[in-house]
Amino acid sequence: MNSCSYLFQTSFDKLSPQLQELAYRSFYNLVYKDILYFLHDHSLTEDVIQESFLKIIRIVHKYKIESYPAWMKQVTRHIAIDYFNKTNKSFQTISLDSVIRVVENELQSRLEQVSVATTVENNIRNELLHQSILELRPSHQIIIRMFYIEDLSYKEIASTLDLSEQAVSQKLARARKKLLLNFQRKWDDFYEP
């Protein structure tokens, strides 16, 4: 399951504002050129995209979806056709240069989507890791923070916590093991349908 499908299977209002924005930008990039090509009107295209996005986050839980990008494009196209029919816009002929620009923009958009998907997945991974750390007992949280975030050595941690270096090593090993179990459970839950 890709990060895009996770975002749409999760209740959108439960996502952080950053993930909501990334989801919208990713969706916008996915459908913009197709809808602009069809409607030939930037502001109308943006209206269709906003309406489509709101509809998708409202109805996504009602369907079993195999390909989220294809499904989202289909929903957006249907809304664009409705807009087109309501406004009785006539089709405009476009030049070969316009088609070439759309194709070039589509290629650029696909490259950007890969980057956005990677960023979204990294943000989700970091959020799951943060949640996993918060589930640790306080003594494990402290030792994880001191070693990984504050970048302290075993000797410095031992001195601060008034422990032997061997005790620090044992506590850190236990904390890592528990953190790994917490994170793996969350990650598995995240990727299961």
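Thresholds, definitions, all that
For every chain, the first residue of its written sequence is number 1, and the numbers climb from 1 along that sequence. Reporting in this predicted model follows two pLDDT cut-offs: at least 70 for local features of residues, and 80 or more for side-chain atom pairs to be given and counted; totals over whole chains, interfaces and linings ignore these cut-offs and use all residues. Side-chain metrics rest on all non-hydrogen atoms present in the structure, leaving aside hydrogens and water. Salt bridge, as used here: a side-chain nitrogen of Lys or Arg that lies within 4 Å of a carboxyl oxygen of Asp or Glu. Helix numbering and strand numbering both begin at the N terminus, where a helix is a DSSP run of H or I of at least 4 residues and a strand a DSSP run of E of at least 2. Categorising residues by exposure relies on relative accessible area from a 1.4 Å probe, with only protein chains included: less than 20% of the type maximum marks a residue as buried, more than 50% marks it as exposed, and the intermediate range marks it as partly exposed. In this text, buried Ala, Val, Leu, Ile, Met, Phe, Trp, Tyr and Cys residues form a nonpolar core when linked through side-chain atoms within 4.5 Å. For this analysis, residues touch if any pair of their heavy atoms sits within 4.5 Å. Working definition for bend: take the seven residues up to and ending at a residue and the seven starting at it, fit an axis to each, and measure the angle between the axes. Within the patch definition used here, like charges are joined within 9 Å and nonpolar side chains (Val, Leu, Ile, Met, Phe, Trp, Tyr) within 5 Å, considering only residues with over 30% relative accessible area and no salt bridge. Computed by Shrake-Rupley with a 1.4 Å probe, the accessible areas treat only the displayed protein chains as cover when residues are assessed. Counting rule for charge: Lys and Arg are taken as positive, Asp and Glu as negative, and neither His nor the chain ends is counted. The atom standing in for a charge is NZ when the residue is Lys, CZ when it is Arg, CG when it is Asp and CD when it is Glu. Only the six-membered ring of Trp is used, alongside the rings of Phe and Tyr, when aromatic pairs are assigned; centres must lie within 6.5 Å, and planes under 30 degrees apart are stacked while those over 60 apart are edge-to-face, with the rest tilted. A fitted line through C-alpha atoms serves as each axis, taken over the contacting stretch for helices, and the angle formed by two N-to-C directions is quoted from 0 to 180°. The labels follow the angle: roughly parallel below 35 degrees, roughly antiparallel above 145, roughly perpendicular from 65 to 115, and oblique for the rest. Note on convention: near helix rotated counterclockwise from far helix by under a right angle means a left-handed crossing. Clockwise means right-handed. When residues are grouped by polarity, Ala, Val, Leu, Ile, Met, Phe, Trp, Tyr, Cys and Pro land in nonpolar, Asp, Glu, Lys and Arg in charged, and all others, Gly among them, in polar.

Taken as a whole, this structure holds five salt bridges when the rule is applied. Of the charged contacts, one joins D34 and K73 as a salt bridge, the two residues approaching to 3.5 Å between their closest N and O atoms. You can see D34 sitting in helix α2 (residues 17-39) and its partner K73 sitting in helix α4 (residues 68-87), a full 39 residues away along the chain. Given the relative accessible area of 27%, D34 is considered partly exposed. Shared partners join several salt bridges into a network, and the residues in it are E135, R185 and K186.

Let's shift gears to the nonpolar core. F27, L39, V48, W71 and M72 are the most contacted members of the largest nonpolar core, which has 33 residues in total. Residue assignment for this core shows that the elements contributing at least two residues are α2, α3 (42-59), α4, α5 (96-134) and α8 (165-191). The element contributing the most residues to this core is α2, with 10 residues. Contact partners of F27, with chain neighbours within four places excluded, come to I49, S52, F53, I56, M72 and T76. With 10 residues, the next largest nonpolar core counts I143, I144, A158 and A175 among its residues.

This part takes up α2. If you look at α2, its biggest bend is around 40 degrees, right at V31. Of the residues flanking the end of α2, it is H40, one or two places downstream, whose phi is positive at about 60 degrees.

Taken together, R137, K171, R174 and K178 make up a surface patch of like positive charges. Note that R174 resides in helix α8.

So, on to the packing of aromatic side chains. Tallying each qualifying case throughout the model produces seven aromatic pairs. Here the aromatic rings of Y24 and F53 are separated by 4.9 Å at their centres, their planes lie at 90 degrees, and the arrangement is edge-to-face. Residue Y24 is found in helix α2, and its partner F53 is found in helix α3; the two are separated by 29 residues along the sequence. Centroid distance Y28 to Y32: 5.1 Å. Interplanar angle 20 degrees. Geometry classified as stacked. Here Y32 and Y28 lie together in helix α2, a separation of four residues that amounts to about one turn. Taking relative accessible area as the criterion, Y32 reaches 15% and is therefore assigned buried.

Here we take up the packing of helix α6 (residues 138-149) against helix α7 (residues 154-161). For the pair α6 and α7, the least separation of the axes is 10 Å and the interaxial angle reads 140 degrees. Relative to α7, the element α6 is oriented oblique. When the axes of α6 and α7 are compared, the crossing they make is right-handed. Here α6 contributes I142, I143, M146 and F147 to the contact with α7, which in turn contributes Y154, I157, T160 and L161. Of the residues in the contact of α6 with α7, the class split is seven nonpolar, one polar and no charged.

Below, the discussion takes up the environment of L128. Here L128 shows up in helix α5. Looking at L128, the relative accessible area reads 8%, which means it is buried. Residues L128 and F190, 62 residues apart in the sequence, show an inter-C-alpha distance of 9.0 Å. Beyond its immediate chain neighbours, meaning those up to four positions away, L128 contacts F183, K186, W187 and F190.

Attention now moves to unusual backbone geometry. One non-glycine residue, D151, adopts positive backbone phi at about 60 degrees. Within the fold, D151 resides in the loop between α6 and α7.

We now examine the packing of α2 against α3. Running from N to C, α2 and α3 point in directions that differ by 135 degrees, and their axes come no closer than 9 Å. Judged by the inter-axis angle, α2 sits oblique to α3. Note that α2 runs across α3; the crossing there is right-handed. Contact residues: α2 offers A23, Y24, F27, Y28, V31, Y32, I35, L36 and L39, while α3 offers H42, L44, T45, E46, V48, I49, Q50, S52, F53 and I56. Tallied by class, the residues present in the contact of α2 with α3 amount to 14 nonpolar, four polar and one charged.

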